[in-house]
Amino acid sequence: METRQNLRFVGHTTARKDGVAKVTGSAQFVHDMALPGMLYGKLVRSPHASARIVRIDTQAAEAMPGVRAVLVGGELNAKIGLYVRDKDILARDFVRYQGEAVAAVAATEEWIAEEACRAIRVEYEVLPPVLDPRQAMQPDAPLVHPDLEQYHCLKGVFCPQPKTNIAHQQKIRKGNVVDGFAQSDLVVETRFYSPPVQHVALETHTCIAQALPGDKVEIWSSAQSPFTLRNLFSLCFGLAQQDVRVHVPYVGGGFGGKAGIHLEPLAYALSRKAGGRPVKLLMSREEEFNTMPSRQGLFSHYKTGVSKEGKILALQIEYYWDAGAYADYGVNVGRAAAYSGAGPYQIPACKIDSFVVYTNKVFGTAYRGFGHLEVLWGIERNMDILACRLGLDPVEFRLRNVLMPGDTTITGEPITEHTGRPDFCLKQVAEAIHWQGWQSEEQRIRARSQGVARGKGVALLHKAPAMPPATSSAVLLKFNENGSVDLLTSIIDYGQGTYTAMAQAAAEELKIPLEKVNVPWDSDTAFTPYDWQTVASRGAFMGCRAVIAAAQDALRQIKETASQVLRCSVEDLVCENEMVSLAHRPDIRLAYADLVMGYVYPNGNAIGGPVIGFGRYIAQGLTHLDPETGQGLPALDWTYGAHGVEIEVDLATGDIKILQLATSLDVGQVLNPQALRGQVIGGVVQGIGSALYEELQFSPQGELLNPGLLDYKIPTARDLPESMQQSYVLTKQPDGPYGARGVAEHPMISVPSAIGNALYDALGLDFFQLPLNAERVCLALQQGGNEMPR
Amino acid sequence: MLNPLEQTIISLQLRVNGLPVQEDVPAQMTLLEFLRQRLRLTGAKEGCGSGECGACTVLLDGRPVNACLVLAAEANDAEIRTIEGEARDGRLTPLQQAFIEHGAIQCGFCTSGMVLSAQALLERNPHPGREEIVEAIAGHLCRCTGYVQIVEAIESVAGKGS
Amino acid sequence: MIAPLAYTKPRSLAEALELLQIAHSLPLAGGTDLLVELKKSNKRPALLVDLKGIPDLDELALTADRGLRIGANVTMNRLIESGELVSAFPALTDAAMTVGTDQIRNRATVGGNLCHASPSADLAPPLFVLDTQLVVASLQGERRIPISALWQGAKQNTLQPGELIVQIEVPWPGAAAKMAFLKKMRTAGHDLALVNMAGLLDPVQGRCRICIGGCACTPVLLPGTDTLYQESRDPDQLTARLLALAEATIVPIDDVRASARYRREIVAVFLQRLLKLLAVETKGWGRC
Ligand SMILES: Cc1cc2nc3c(=O)[nH]c(=O)nc-3n(C[C@H](O)[C@H](O)[C@H](O)COP(=O)(O)OP(=O)(O)OC[C@H]3O[C@@H](n4cnc5c(N)ncnc54)[C@H](O)[C@@H]3O)c2cc1C
Ligand code: FES
Ligand code: FES
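What counts as what
Residues numbered from 1 in each chain as written. Chains lettered and ligands numbered in written order. Predicted model: local features only at pLDDT ≥ 70, side-chain atom pairs only at ≥ 80, totals over all residues. Heavy atoms only, no water. Domains from an automatic or database assignment. Contact = heavy atoms within 4.5 Å. Buried area = accessible area lost by both parts, 1.4 Å probe. Salt bridge = Lys/Arg side-chain N within 4 Å of Asp/Glu carboxyl O. Polar contact = N/O pair within 3.5 Å; in protein donor to acceptor, adjacent residues only side chain to side chain. Helix = DSSP H or I, 4+ residues; strand = E, 2+ residues; numbered from the N terminus. Near = heavy atom within 4 Å. Areas by Shrake-Rupley, 256 points an atom, 1.4 Å probe, with all protein chains shown as cover. Pairing = 2+ DSSP bridges. Axes fitted to C-alpha atoms, helices over the stretch in contact; angles between N-to-C directions. Buried < 20%, exposed > 50% of the residue type's maximum accessible area, 1.4 Å probe, protein only. Nonpolar A, V, L, I, M, F, W, Y, C, P; charged D, E, K, R; others polar.

**Some words on the domain arrangement of chain B**
All names here are of chain B.
Piece 1. Domain annotation for chain B reports domain 1 (4–85) and domain 2 (94–159).
Piece 2. On a C-alpha basis, the centres of domain 1 and domain 2 stand 22 Å from each other.
Piece 3. Of the residues lining the interface, 15 residues belong to domain 1; the matching set on domain 2 comes to 14 residues.
Piece 4. For the pair domain 1 and domain 2, the summed buried surface comes to about 1200 Å²; carbon and sulfur atoms form 60% of the total.
Piece 5. Applying the counting rule to domain 1 against domain 2 returns 1 salt bridge.
Piece 6. The shortest N-O distance in the salt bridge between Glu123 and Arg81 comes to 2.9 Å.
Piece 7. Linking domain 1 with domain 2 are 4 residue pairs in polar contact (both at pLDDT 80 or more), by the criterion used here.
Piece 8. Of all the elements, strand β3 (residues 57–60) adds the most residues to the side of domain 1 that touches domain 2, at 3 residues.

In structure tokens, the structure reads:
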């Protein structure tokens, strides 16, 4: 892509396209929808983490007036799953996590469905659960999926290991770590943990499905990926894709939790059983926590060899992902977080084994950052610990190892001057927080006597979209009579601002005012063109590339018609201000409005026809990873960044107050400054949640103890840093739209590490586990330190 | 007198966005269910159903309340304002306009409640400081924006006018 | 969702008391505890008696002897906004200010906060240290009970079916009394107290009261503190003795919000901070 100056819309703040609909309450979410004749579905959920279903008695429920369908797992013989088809629509024979749906009811009223669910009696034989992924890897561990080898899976990419709990093992091998450690002056081993957390999109999962005559299905879903949903749905029920129609209107937040397929098969099965009436499933907040997926927990083990000069020579890592009961996106998280699992550093010898392990917990899925927050928590804390052991400044130590043009990543991808500059980002945040090195022990002691301690910390970050090598986007630009366009896409804008960015690109390329680009918030697999999925921070990148191509296609059509009317060659025409004119005679021109439905001559003759621009983009040059070495080219684009933070710690209570949080990202090109700032601040605050508060807590029996917002706290307006700064590095991404890189996930993924590092600076204590809540900090101060997780 | 145990259906009279409404509702119906299901005013959302998230906020006699924790029956004789009543004749309020201009919106699920709480604050106190603004929206969870641009939007209106 | 029930809104106390004779009837005040319970638990009342139409429960006034009379239905925000009236009771408004969110405070009542009988109810500690009396009404008449007599256990009050709290009477503590309230939450947002604590210190009358919430199945008013205070007013000594007393009196548990150990830690920290605050003027919300 050439990068251009003098952009009129791209690079400027423009108001969101969905603003008016959202401030007036008129934006309709699936949450808000009701169809004529619609039934309400409700679930019966397992109270046990692991149990055999002995018997389900649905008689009383079926007899209740208003009940139209009662379903149990035994009636459904289809498994769902993204990469490993391991999940029943309703549990059959066994339940694998507390909260798993075992039966469902559809009734005319919501409360009747609830009453009917209460009337369903399920008898369980409780089995011992396995809750820790490392224990789950022991040979004598109970198997979460005894029939793993019978499941269908994406061959060549994921490899569930029969008769174990291992859903996937991703290997990365570069150089020889044994030699590396032998050459090292210092070898350090560390272990970290980050717990499972929830997305807490404000709109819980919901969908409406209707079974139509002739094996057709219509679905409305609060989903991130209508086409992937349709595809998985069709596979699950053996239906033809053209017979399944998926609508996605406004979506109340996703953050990865609404990618893939969730409630739709169950809603459909209920609808089918209820004679084809539409059935709505809407998760209560409690069900959202108990039944819908979360971010996986991660145990990470590092062994790092460094030279006296502060060069990393060898790095050996084991990642143990707590996948929970089903593989969902978890296996791909384990894969993606492995190929960037050593951080943005030049590592000559690297060996990573990333195990995604089944346990009896609510299952894991994609969550903003796709494993990177968890991995960076370990990596970036590890960097500080190494620097400390070497007696080096942590910023300096990072700069000695950071990826620079000429280096290669751990999967063998060469770093060029176009890849991006983590070093610049690091320097920017170090400067923003006035980093001057760690405080001395005397300074810490002095602070302690005053009851509060201050500390600063930095952390680097990197991430590339985690996606299969061949993923694609398509866009239609459909002209209206007045020369305006409808931009049709199946990328979902659930708040990120993607549609506004795409509209900016369309206006830019078509040379029309931004107001003349309309983006309907109404993706529909029957009408909007294919898009793989809205995940991985790829939406704006690939979407805008497709828009640019579509605009070129539309302009070509306009010019073709114009060239006949103006009797010139297409090459001599230029477009500007909704007009097409002769390059050398700007006064000879035609308005788009006179061309886009076909040009009509005074005598009534007409030429051309409606203009519809079509554009597409497919990720290019990416490869699968070698199953044994992990070598290959997985990254569409890398986005680098860094956070710098200053905190104040109440030494008596352990409370952390964030005084300042500076973020620098190499975004390539800013598409919309206000939208970018919104993404960054939103991500940072979500990162603060992961850093300080959030954790799914389980009882020893595997019961989720905090399934609601009463005891699962996320940041409120009172939990913000006193100040936040954003700065950007602009290393153009050669194939990115206008040089831009993906940026939606990145702002959150190193926030916990930076805060953990600042905590070390403040207290002289290393923390190994998230969240860094007041209790953990306080008790660590009491004990004079923290143990690494066993 | 009617047997109280038979008062399971309540004859409601109230004003919603300035208009009189008369409906018979089951006693256990919440104000949120009433607004969303009966009146099809779906601007107020249910994010938790238990008072924690603020997505269901409406103004009851001018004060923000969690409609998920109020029975419709309790709103008898009350004046209810929902987000649908804020813009008049298609004209946005200055606050709504400010939300758009300041990028205070992402997914939009929290927006209705945020706007209403902020509007109630501004009507009580046209020039609130940052502290008061933060306090007024602290009962609204937003998972998308990180709140800063919302606070800025409200501040921009608080700074203006008399 | 809430299961079907009946609802009625009496216009007088007498009518309400009559209605509460009906089996499985429950009083409804702001509903911020009750409706959550009705949605989540198996509690299934047949009839809700909405108390918000009863004028007696709405009173908020100073008594002749400068005490405060709070109708059970007075909301947190009404308390906070009543300025002058409650200015002599800063710990009370500080505590009210930490209850939930603005929306919650517009509904949550003082009576409901006490009757729900949560061990961490935020109004309990200040009302305990202020020697609050509750006016309880039933068809049999009125009785007065000290606030400490309301708690039977966690979320269990001692009211008989058919009884209502009508008023909360807070005696004026005297011009020399100082008071303060502290609350430990998990975030700076809204949260139930992991620990809350109120203190009252009156050097003139030699009174010292400390009440700790969230550390037993009821709020705990430390016993014998007046005597301790009268025996020694040396701040260090008093602090040490109160710390030991608190340590021996509270019985916190491990739960999803905090460990018992951390609660003990916070009690010790808060006690020291509280005594420092009481030694100087108290200002601010007491949020911590
Ligand atoms: C999101 C949220 C946050 C909260 N945060 C806090 C907090 O920070 N601190 C805190 O202390 N509490 C908190 N609460 C709990 C609750 O808001 C308070 O306890 C509130 O004061 C209860 O009052 P109410 O009027 O809503 O009571 P209701 O729910 O109406 O009643 C509570 C109970 O008391 C009974 N009752 C009510 N009035 C009387 C009466 N006059 N006589 C006899 N019985 C009566 C009812 O039958 C019911 O059993 C929170 C609740 C929510 C939903
Ligand atoms: S839905 Fe009412 S507060 Fe969350
Ligand atoms: S904009 Fe999505 S929750 Fe606030």
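**A short note on the site of ligand 1**
Piece 1. C:Pro27, C:Thr32, C:Asp33, C:Thr109 and C:Asp122 are the nearest of the 34 residues found near ligand 1.
Piece 2. Surrounding ligand 1 are residues belonging to chains B and C, so the site spans chains.
Piece 3. A distance of 3.3 Å separates an oxygen atom of ligand 1 from a polar atom in the backbone of C:Thr98.
Piece 4. One nitrogen or oxygen atom from the main chain of C:Asp191 is found 3.3 Å from an oxygen atom belonging to ligand 1.
Piece 5. For ligand 1, whose free accessible area comes to 970 Å², the fraction covered by protein is 94%.
Piece 6. When residues of the shell around ligand 1 are traced back to their parent elements, those giving at least two are β2 (25–28), α6 (110–115) and β10 (164–170) of chain C.

**Description of the sheet that holds strand β5 (residues 68–71) of chain C**
All names here are of chain C.
Piece 1. Ordered by their spatial adjacency, 5 strands build an open sheet running β4-β5-β10-β6-β7, and the pairing between neighbours is antiparallel. At either margin of the open sheet sits one strand with a lone partner, and together these are β4 (60–62) and β7 (141–146). For this sheet, the mean angle separating the axes of adjacent strands, direction not counted, is 20°.
Piece 2. Pairing of strand β6 (residues 133–138) with β7 involves 6 bridges; the strand directions are antiparallel. Residue Ala137 lies in a different strand from β7, and its bridge partner there is Glu142.

**Some words on the pairing of strand β28 (residues 612–618) of chain A**
Residue and element names in this part refer to chain A.
Piece 1. Burial of the side chains of β28 is restricted to one face: Gly613, Gly615 and Tyr617 are buried, whereas none of Ile612, Phe614, Arg616 and Ile618 on the reverse face is.
Piece 2. Both strand β19 (residues 472–479) and β28 contribute to a ladder of 7 bridges, which runs antiparallel. Looking at the pairing, Ser472 lines up with Ile618 of β28.

**A word on the interface of chain A and chain C**
Piece 1. On the side of chain C, 23 residues touch chain A, which itself brings 26 residues to the contact.
Piece 2. At the boundary of chain A with chain C, total buried surface from both sides reaches about 2300 Å², with 50% on carbon and sulfur atoms.
Piece 3. Remark: the boundary between chain A and chain C carries 6 salt bridges.
Piece 4. Across the salt bridge formed by A:Asp711 and C:Arg186, the nearest N and O atoms sit 3.0 Å from each other.
Piece 5. Linking chain A to chain C there are 15 residue pairs in polar contact (both at pLDDT 80 or more).
Piece 6. The set of elements that each furnish at least two residues to the side of chain A that touches chain C consists of α3 (110–119) and α18 (774–783) of chain A.
Piece 7. Broken down by class, the residue content of the side of chain A that touches chain C amounts to 8 nonpolar, 6 polar and 12 charged.

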